[in-house]
Amino acid sequence: MKLNERSVAHYATCDSPADHAGFLRKRVERHHHHAHHHATSYQRRWFVLKGNLLFYFEERESREPMGLVVLEGCTVELCEAAEEFAFAIRFDDAGARAYVLVADGQAAMEAWVKALSRASFDYMRLVVRELEKQLEEACKSLAACCKSPRKSSSGRKRHLSNPALLPLQEKPTILENGYSTWGSSSSVPGGAACPDRDGGHAKPPPLPPRRRSAANSAMGSPAPGLLPESPVSPETACFSKLHSWYGQEIAVLRREWQERQKMGHP
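Below or above, wherever it landed, is the structure these notes cover. (Residues numbered from 1 in each chain as written. Predicted model: local features only at pLDDT ≥ 70, side-chain atom pairs only at ≥ 80, totals over all residues. Heavy atoms only, no water.)

## What about the nonpolar core?
Phase 1: By size, the foremost hydrophobic cluster in this structure holds 19 residues, and its most contacted members are L49, L54, L71, F87, I89, W112 and L116.
Phase 2: For this core, the secondary-structure elements that each account for two or more residues are β2 (37-50), β3 (53-57), β6 (86-91), β7 (99-102) and α2 (106-117).
Phase 3: If we skip the residues at most four places from it in the chain, I89 touches L54, L71, C74, T75, V76, R97, A98, Y99, L101 and L116.
Phase 4: Counting residues in each nonpolar core, the second largest holds 7 residues, with V8, L53, F55 and F57 among its members. (Core = buried A, V, L, I, M, F, W, Y, C linked by side-chain atoms within 4.5 Å. Buried < 20%, exposed > 50% of the residue type's maximum accessible area, 1.4 Å probe, protein only. Helix = DSSP H or I, 4+ residues; strand = E, 2+ residues; numbered from the N terminus. Contact = heavy atoms within 4.5 Å.)

Here it is in structure tokens:
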């Protein structure tokens, strides 16, 4: 793969957000040809992960990366090393260099392994393939639901076509003389007597006592000019009959008052 050094260096230090960043210790092996042995040391470097590119700098404030690891065709795994919290980036190609890195703690190591494992295009390809599969299954399920009949909708239509199936609260309220009567569903228009319904419904409250004249209360008999006892049942619910009855009584009382005024009595 050909990389433009200047473009890569600019991408490493530009303001684009990093997927992960932090200090890691990078293992360095030096071979001594004359002594036929190699020495191992660890260098502390600042690592920045952007996409599938892992940059490392000498210091956090450095403006130019020291190296770059392209995270394609590789695996990230824990490894046994003299240092604790070590993990390695190993490539599939034979003879390719492995990068051994050491984190500062368990949490940092797990975070780096997770981030590096998800950085390659191979992983993104698997994620996209799985999402496409889930989308296809969701579309099939949605199409099956659209083909199936809607039982709730048809049941609602049948319910509305039959007024007898409507609940009580959906029936329109019948008004008499501008007011809703007690048990309006049982009231009869035209001032007819309303039948009493005890089948599970509460009875209306008793009517207030009718005001009587003093002469009528003392003699125990109706005074001249007053109407006889109300023919309306105390348990009736027809507001029009009650209104008519008490209106007649008020008219009689008014005529008595007018006659007393003519005779000079207060």
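## A look at the side chain of K26
Phase 1: Mapped onto the fold, K26 is located in strand β1 (residues 20-32).
Phase 2: Buried within the structure, K26 lacks any salt-bridge partner; E29 is the closest side chain of opposite charge, at an N-O distance of 11 Å.
Phase 3: Leave out the neighbours within four places in its chain, and K26 touches S41, Y42, Q43, F47, Y56, R97, Y99, V100 and L101. (Lys, Arg positive; Asp, Glu negative; His and termini not counted. Salt bridge = Lys/Arg side-chain N within 4 Å of Asp/Glu carboxyl O.)

## Topic: the packing of aromatic side chains
Phase 1: Taken as a whole and assessed by the stated rule, the structure comprises 3 aromatic pairs.
Phase 2: Each ring, one from Y11 and one from F55, has its centre 6.2 Å from the other, and the planes form 65 degrees; the classification is edge-to-face. Here Y11, found in helix α1 (residues 5-13), pairs with F55, found in strand β3; they are 44 residues apart in sequence, far enough to count as distant.
Phase 3: Judged by its relative accessible area of 0%, F55 falls in the buried class.
Phase 4: Plain terms: the ring middles of F47 and Y56 are 5.4 Å apart, the flat faces sit at 35 degrees to each other, and that makes the pair tilted. (Phe/Tyr/Trp six-rings, centres within 6.5 Å; stacked < 30°, edge-to-face > 60°.)

## Notes on unusual backbone geometry
Phase 1: The phi torsion at F85 lies on the positive side, around 65 degrees, for a residue other than glycine.
Phase 2: Along the chain, the position of F85 falls in the loop between β5 (74-78) and β6.
Phase 3: Owing to a relative accessible area of 22%, F85 belongs among the partly exposed residues under this scheme.

## Topic: the pattern of salt bridges
Phase 1: Tallied over the full model, the rule gives 6 salt bridges.
Phase 2: Close ionic contact of R44 with D104 constitutes a salt bridge, the shortest N to O distance being 3.5 Å. Here R44 is found in strand β2, whereas its partner D104 is found in the loop between β7 and α2, with 60 residues between them in sequence.
Phase 3: Taking relative accessible area as the criterion, R44 reaches 43% and is therefore assigned partly exposed.

Keep in mind these values describe shape, not function.
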